[in-house]
Amino acid sequence: MPDATAQLLQQRFSPERLGPYQAAVGGDLDKAVALYEWNAKMSGIFWITLGHVEVLIRNAMHQQLTNWSSQQHQETRWYLDPGNVLDPRRLKEIAEARRRATRDGRQETPGRVVAELSFGFWRYLLISSYDRSLWPQLRNAWPGKLLRREVQEPITDLHEFRNRLAHHEPIYNRPLKELHTKALNLASWTCPDTATWIASRCEVLAVLDARPWTSRAPSAPPQQGARRYHPARTVPRR
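Keep in mind that what you see is a predicted model, and the values were worked out from it rather than measured.

Calculation criteria
- Residues numbered from 1 in each chain as written.
- Predicted model: local features only at pLDDT ≥ 70, side-chain atom pairs only at ≥ 80, totals over all residues.
- Heavy atoms only, no water.
- Axes fitted to C-alpha atoms, helices over the stretch in contact; angles between N-to-C directions.
- Helix = DSSP H or I, 4+ residues; strand = E, 2+ residues; numbered from the N terminus.
- Parallel < 35°, antiparallel > 145°, perpendicular 65-115°, else oblique.
- Left-handed = near helix turned anticlockwise from the far one by under 90°.
- Contact = heavy atoms within 4.5 Å.
- Nonpolar A, V, L, I, M, F, W, Y, C, P; charged D, E, K, R; others polar.
- Phe/Tyr/Trp six-rings, centres within 6.5 Å; stacked < 30°, edge-to-face > 60°.
- Buried < 20%, exposed > 50% of the residue type's maximum accessible area, 1.4 Å probe, protein only.
- Lys NZ or Arg CZ within 6 Å of the ring centre and 35° of its normal.
- Expected span 1.5 Å × (residues − 1).
- Arc of directions from axis to C-beta.
- Polar contact = N/O pair within 3.5 Å; in protein donor to acceptor, adjacent residues only side chain to side chain.

### So, the packing of helix H3 (residues 29–73) against helix H9 (residues 176–190)
A pair of packed helices is captured by two measures, namely the crossing angle of their axes and the spacing between those axes.
Here's step 1: Their axes nearest at 9 Å, the elements H3 and H9 cross at an angle of 20°. In terms of orientation, H3 and H9 fall into the roughly parallel class. As H3 packs across H9, the resulting crossing turns out to be left-handed. Here H3 contributes Trp38, Met42, Phe46, Thr49, Leu50, Val53, Leu56, Ile57 and Ala60 to the contact with H9, which in turn contributes Leu176, Leu179, His180, Ala183, Leu184, Leu186, Ala187 and Thr190.
Here's step 2: For the contact of H3 with H9, a count of residues per class yields 14 nonpolar, 3 polar and no charged.

Written out as C-alpha cells, the structure reads:
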C-alpha cells in the first residue's frame, strides 16, 4: 500500500497529474511520487542553464540587429523596423514588449525592450521568410554557421522544451542529454568562453545520473558527471 504522503499528494496534485508518472513506473504510487519529485528538480536545474543560454542568444542577436539597422537605416533601434522587414506578429510582440518596458513611467531603452521579448520571438526571427533580409546579418552571431537551419533547429527544440518546463509538464521521458548538448553547443557557437562558464555551473548531467528507474528509461546510458564542457562538432537531430 502506498504511504500516506504519496496518497495525499495524489489527492492534492490530482490523479491525472501523477498518472503519467505512475504509468512509467509500473503503477507504483510511491515510485511515481519519487519520479515526480525528480522531474521537478530536473526542471529547475535545466531552467537555470536554459535561462543563461536564452539571454546569451538574444543579446547576440540584438547586437547583430543593432549593427545592421545602424548601418542600413541609421537607426539603432532595429525593433522600430526601419527596413519594413518584420511580419505583423513580430511587430505586435514588439509593441507589447515596449509597453511592458515603459510601465510605471520607466524610460524606454533597447535593453529593456529586448528583455521583454520572449524566447519564441527570437526563434521566429530565424524562419525561412527572413533568409534574405535578417539571416545575412544574424549569422554573424554564430561564426562558422552558414546555414540558418543549423541554428534554427536546436533553438526550436529548446524553445519547445522551455515551454514544457514553464508549464510544469513531465520531462523525464524527453531526450534530456541531447537537449543539454544542444543548449551548450548553441552557447559555444555564440561565445565559447561564456559557454564554458555556463557549463561549469550546469548540474543537468549530475541530476540525470540520479534519475529514478522507469519502464521507459532513455535509450542513452547515464553520463558520469563532468561539468567541464567540450563542444561537440555536430548535434544529432531528434
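And the narrative resumes.
### A word on the packing of aromatic side chains
Here's step 1: All chains considered together, the criterion is met by 9 aromatic pairs.
Here's step 2: When the ring of Tyr21 is compared with that of Tyr172, the centres are 5.2 Å apart and the planes differ by 45°; the resulting orientation is tilted. Of this pair, Tyr21 sits in helix H2 (residues 15–24) while Tyr172 sits in the loop between helix H8 (148–166) and H9, and the two are 151 residues apart along the sequence. Taken as a pair, Tyr21 and Tyr172 share a single burial class, namely buried.
Here's step 3: Put simply, the rings of Phe13, Tyr21, Tyr36 and Tyr172 pair up and form one aromatic cluster.
Here's step 4: The ring of Trp189 carries Lys145 above its face, with NZ or CZ at 4.1 Å from the centroid.
Here's step 5: One Lys or Arg, Arg211, reaches over the ring of Trp38 and ends 5.9 Å from the middle of that ring.

### Re helix H4 (residues 88–101)
Here's step 1: The first and last C-alpha atoms of H4 sit 20 Å apart over 14 residues, in line with the 20 Å expected at 1.5 Å per residue.
Here's step 2: Listing the buried residues of H4 in full gives Arg90, Glu93, Ile94, Ala97 and Ala101. Here the buried residues of H4 occupy an arc of 100° about the axis, which is enough to place them on one side. Looking at H4, the residues exposed on the side facing more than 90 degrees away from the buried face are Pro88, Arg89 and Lys92.
Here's step 3: Close packing links the buried residues of H4 with helix H5 (110–116) and helix H6 (119–123).
Here's step 4: If you check the start of H4, you find a side-chain oxygen 3.0 Å away from the backbone N of Arg89, and it comes from Asp87.

All quantities given are derived from atomic positions and should not be read as evidence of function.
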